[in-house]
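Descriptive structure summary
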Amino acid sequence: MSQFSISQRLGKLRDQGIEKMERQGQKIHYSLVDEDVKRIIVALFAKEESK
């Protein structure tokens, strides 16, 4: 996945209030706002990896 695609997807998540971004100097830290959403995403990735 390209840098542009990732940035676009993160922007859409941020617009929906699902993701937040914090700048730390030149680095940017992304995190999920809602723990329930985080659990769902982790479960989806775990399911995909088990295939």
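See above for the structure.
Reference entry: report on the structure contained in this document. (Residues numbered from 1 in each chain as written. Predicted model: local features only at pLDDT ≥ 70, side-chain atom pairs only at ≥ 80, totals over all residues. Heavy atoms only, no water.)

Right, let's get into the pairing of strand 2 (residues 27–32). Examined bridge by bridge, strand 1 (residues 19–24) and strand 2 share 6 bridges and lie antiparallel to one another. The residue bridging lysine 20 from the neighbouring strand is serine 31, located in strand 2. (Pairing = 2+ DSSP bridges. Helix = DSSP H or I, 4+ residues; strand = E, 2+ residues; numbered from the N terminus.)

Glancing now at the side chain of glutamate 19. Following the sequence through the fold, glutamate 19 ends up in strand 1. When near neighbours in sequence (up to four residues on either side) are disregarded, glutamate 19 contacts Leu10, Leu13, Arg14, Tyr30, Ser31, Leu32 and Val33. (Contact = heavy atoms within 4.5 Å.)

Within the secondary structure, aspartate 36 is located in helix 2 (residues 35–49). Sequence-wise, aspartate 36 and lysine 51 are 15 residues apart; in three dimensions their C-alpha atoms are separated by 23 Å.

Close approach of charged atoms allows side chains of opposite charge to pair. Taken as a whole and assessed by the stated rule, the structure comprises 3 salt bridges. Glutamate 19 is the salt-bridge partner of arginine 14, the closest N and O atoms lying 3.0 Å from each other. (Salt bridge = Lys/Arg side-chain N within 4 Å of Asp/Glu carboxyl O.)

The next point concerns the layout of surface pockets. In this structure, the largest pocket spans a volume of roughly 150 Å³. Around the largest pocket, the lining residues are Met1, Ile6, Arg9, Leu10 and Leu13. (1 Å grid on protein atoms, 1.4 Å probe; cavity = no way out; pocket = protein on both sides within 12 Å on 5 of 7 lines; lining within 4 Å. Points joined across faces, edges and corners; volume = space filled by probe spheres on them.)

This brings us to helix 1 (residues 3–15). Helix length check: helix 1 (13 residues) gives 18 Å between terminal C-alpha atoms against 18 Å at 1.5 Å per residue, within 8%. Phi turns positive one or two residues past the end of helix 1, at glycine 17, with a value near 80 degrees. (Expected span 1.5 Å × (residues − 1).)

Taken by themselves, the reported measurements are silent on function.
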